[in-house]
Every structure is written in structure tokens, then in C-alpha cells.
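# What the coordinates show
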2 protein chains.
Amino acid sequence: MPEQRDDAQLEMQVGVAKVSKYATSESGDTLEMIERPQGGLSLVLVDGQRSGRAAKLISNLVARKAISLLAEGVRDGAAARAAHDYLRTHRQGQVSATLNIVSLDLVTRTVVISRNSHCPVLVVDKDGLRALAEPSQAIGIYARTKPVITELPVAVNTWVIVFTDGVPDAGRRFGVAFDIMGLVAAFVANGGDSASALADAILTRAVELDQGHPQDDMSVLVLALVPGQRIDNARRLTVRFPLPSS
Amino acid sequence: MPEQRDDAQLEMQVGVAKVSKYATSESGDTLEMIERPQGGLSLVLVDGQRSGRAAKLISNLVARKAISLLAEGVRDGAAARAAHDYLRTHRQGQVSATLNIVSLDLVTRTVVISRNSHCPVLVVDKDGLRALAEPSQAIGIYARTKPVITELPVAVNTWVIVFTDGVPDAGRRFGVAFDIMGLVAAFVANGGDSASALADAILTRAVELDQGHPQDDMSVLVLALVPGQRIDNARRLTVRFPLPSS
């Protein structure tokens, strides 16, 4: 079966790049990752209301709740609902956060995208590039908030691009709009180097548009399914970040 | 204060590379990472007894417990003790696992290394290369097992190298010993490219020594504090792994 043979050649790549708002030491965005107990992995990206330490506490709380449920095998939609209920109870409906969950589910062999955010998620697959932009509520405020969920089959040359609102809002203060769709389309048309290269390209452009001083926390998450590029069957994880001075 | 200025230039790097035992589809080793609520991050590496699915379930259980406690701000030594108690209770003292926790703690500005494993942890710092190899018990079996903890100050050119026993045992079946200390010494003497390059070099050599067919699950985790190499102040995360065929 040739399709299965294609599958065997697939590589999953994740690339994340984050900066905090200019002149704040701490990003209010939190990104966490966990292995799914049945196989695959889940990535959770949360943008806490406001910025700095207060936002960080909120995003950390929400991400931790979602991650701990996903680690126990709870399905993504239920984890997002629970994170909402938890934040709303904990902060009495006074504080909001955006929540995105992107999972590679090896049981269903799908990529599951959960949005609780006004920001679109961009997808590239065999149908081309499109924005997932159905109306979707941030969590923490209203009763019974639920995520908008999209499932994509595992297939080669699938790209999922998620970001917090500091990214599409980049340049706004200077009267310039960020054409993220254009950047992604050009990247993919040029052969698409890697998930981390795309995340870096988007973040770099966003920071440029804010003239080097990000006006908000900015996080970009890219998950890609690409043709397998190494034959050694190893899993690899890399993290790099500058250490704040003491 | 020149020391603080040095600090401002530091970059933290993590590199992880993992393969599963030859002809098993699933590694019994689990590696998870979490942001510490007070700043910094923790990495948890668990090797479950036996291999394949049974080992994976155990290592997943232990890693999840440790990660969820660390995410709540529980100190590393207490998280390791709790993971032990949890596994011993859950599996009635019948199943063991090795547990390593490596944390960059930005409150104490130290690297905290917790060992519950017969495998040494290698450290390179201003005093050179050495093995942390005090007797240390795997978790899950005996009453009151506790970790052996080492704290290193945050300082430039610090390298911490952690691995599961498939790595030092590589080559044994073919009557060859793996001189990991020699490999690390040469790597650092050559200027030390990056944490991921060192993790890859160790794993590649281990797989070679097992003649391309790893005789056990193998995982290598490297945490490095090196001179800052990028000026954009971004945090970056990269994951790559081959997708199992359906």
C-alpha cells in the first residue's frame, strides 16, 4: 500500500520562537509540550491577559491544567473546556486567556487543532493555505466557553501555524500591517525549510515591524509533517534561550 | 560588576536525542520538560524497567507525576521522593525506574541535578570534567528511596550530560566499552558546538557501538550554559521525530 509507505517516511517537526514585550522581563505567554500517553504529542500555547508577571501567572496556571489533563489521556476538547472552567472558577470570571492546543494524535492519526482565541490558525495542506478563523472565545470569562476544533489527517506537507496576538498586531503602532499569510505562502512555495525556520521567519518579521521593540508578547508555534530527512529514527528536542541577568 | 555582565550574555541550551531498542516500536524512556513557575525549566528523564509498552507506561507515569509537581513549584528533591512513593504504592514495590531531574533554577541561580539511577551524570565546569557517581537507587522498590542531589552555580561553560543505561552499555554485547568521558572531553576541548550537537554525538556513537541495532532504549540529555550567541532575546524550541507508520 503506497500510502503507508509514504507514512513511514514522515517526519514531525515542531518549531517555537517567543519573545516578550519590549522592556518586560517576562513573557505573559506560556508554551508547554507533553507526550500523549497513547502516542504523539500535544503543544499548549496560552496568552494571559495583560503582560508581565500577572499575565505569566495566569498563562502558567492555564497551561499547567491543560497539560496535566492531556498527559492523563484526556481528549483535547475536554482539556480546553476544563482549563476554561478552572480559570473562570479560580479567577471568578475576571481574567481571560487565549488557549491553543495542537496535538499530533497517533491513535486517530490526525493533527487536532483547538482554538480559544480571536487569532486565526494557518494551515497548509494538499488544499493549499487557509486560515482557520471561525469565531472563537478566549477562556475565563463566559459560561460554557468551548474550543473550535479542527482535525486534519496525518499527511505529508502539512503545516500548522499558531501565534499569539502580538504577532498579527506587529507594525500596527507604526501603521503597517503584517501579511502573515503572504509570508507563509512564500515560505512554502520556496520549498519550506523546517518548522523552526518558519517560526523564526515569522517572529523575526514581527519584531522588525515593531521596529525592534515588540509591543506585546509574541509567540509562534509551527508543527509540520514533512518527508523524513534522517534515517536514524531518533527523536530530538532542542531548547535555547538567553538567561536573564541576575 | 563584571560577573553580572557575564551572566547577561549567557545562553541556556538543551539537547535531547533518543532512540528505542532495536525492533521495538516504543521507547521505554520518557523525557518531559516543564517551565518552573518561579523561572527556569526542569527536565525529567525516566527509564522504565523492561522495554516496550510496559516500560513506557511506567516511565510515563513517573515522569508525569514528577512534572506535575515541579510545575506547581515543588522542589526537585521532594518531587523525586513523591515520584518514588507514587510508583512504589501504585505498583506495590514490584517495578523500578530510574529517574533523573535536571533543573535550571532562576531563583537560586543554580543547576540542580537529581539522580535516582546507577548511571553517572557527567559535569563539565570550571573544575573540568567529572562524573557524579555516588551510589544512588532506582525508584519504586525500597522504602524511603531518595535522590542524590548536586547543585552547580549558574556559570558560563557548564555542561551537564545525563543518559539512560542503554548508552554506557552500548557495545557491551560486542565486547567493546563506550568511553563517554573521552568523547565529552574531546568535544569540550574542541570548543563545544552546542548541547544538541553533543547529545547527537553521544547517541550516534552509542548506536555505532551496538552496530546499528540498539540493544536497549537509549536517551541522552545535555544541558549547557554557554556564551550568548544570538542577540534577539528569543526563546526557541525545536522537536523532530520520525512518525511511526500506521
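All values derive from a computational prediction rather than experimental measurement. (Residues numbered from 1 in each chain as written. Chains lettered and ligands numbered in written order. Predicted model: local features only at pLDDT ≥ 70, side-chain atom pairs only at ≥ 80, totals over all residues. Heavy atoms only, no water.)

Residues and elements named next belong to chain B. Along the chain, Arg115 turns up in strand 5 (residues 110-116). The side chain of Arg115 sits in the buried core without any salt bridge; Glu134 is the nearest counter-charge, 6.0 Å away. Those residues in contact with Arg115, other than ones at most four positions away along the chain, are Leu99, Asn100, Pro120, Val121, Leu132, Ala133, Glu134, Ser136, Pro147 and Val148. (Helix = DSSP H or I, 4+ residues; strand = E, 2+ residues; numbered from the N terminus. Buried < 20%, exposed > 50% of the residue type's maximum accessible area, 1.4 Å probe, protein only. Lys, Arg positive; Asp, Glu negative; His and termini not counted. Salt bridge = Lys/Arg side-chain N within 4 Å of Asp/Glu carboxyl O. Contact = heavy atoms within 4.5 Å.)

Met12 and Leu104 of chain A together with Met12 and Leu104 of chain B are the most contacted members of the largest nonpolar core, which totals 56 residues. Those residues in contact with Met12 of chain B that sit more than four places away from it in its chain are Val239, Arg240, Phe241 and Leu243 of chain A together with Leu41, Leu104, Leu223, Ala224 and Leu225 of chain B. Core analysis: the next-biggest nonpolar cluster, separate from the first, contains 29 residues, Val184, Phe187, Ala206 and Val222 of chain B among them. (Core = buried A, V, L, I, M, F, W, Y, C linked by side-chain atoms within 4.5 Å.)

On average, residues of chain A score 93 in pLDDT, and 96% of them reach the 70 mark or higher. In the model, residues 1-7 of chain A has pLDDT below 50 throughout and makes 7 contacts with residues more than four positions away in sequence or in other chains. (pLDDT = per-residue confidence, 0-100.)

Here we come to the interface of chain A and chain B. Taken together, the contacts link 53 residues of chain A with 53 residues of chain B. Buried area between chain A and chain B, summed over both chains or domains, comes out near 5,400 Å², and the portion from carbon and sulfur atoms is 52%. When the buried surface of chain A facing chain B is broken down by residue, Arg240, Phe241 and Leu243 of chain A rank first, second and third, together holding 16% of it. Joining chain A to chain B, the criterion identifies 6 salt bridges. (Buried area = accessible area lost by both parts, 1.4 Å probe.)

Next up on the list: the packing of helix 4 (residues 180-189) of chain A against helix 5 (residues 195-209) of chain A. Residues and elements named next belong to chain A. Closest axis-to-axis distance for the helix 4/helix 5 pair is 11 Å, and the angle between their directions is 145 degrees. You can see that helix 4 and helix 5 cross each other, and the crossing is right-handed. For the pair formed by helix 4 and helix 5, the contact residues are Ile180, Leu183, Val184 and Phe187 on the first element and Ala197, Leu198, Ala201, Ile202 and Arg205 on the second. Looking at the contact of helix 4 with helix 5 residue by residue, the class counts come to 8 nonpolar, no polar and 1 charged. (Axes fitted to C-alpha atoms, helices over the stretch in contact; angles between N-to-C directions. Left-handed = near helix turned anticlockwise from the far one by under 90°. Nonpolar A, V, L, I, M, F, W, Y, C, P; charged D, E, K, R; others polar.)

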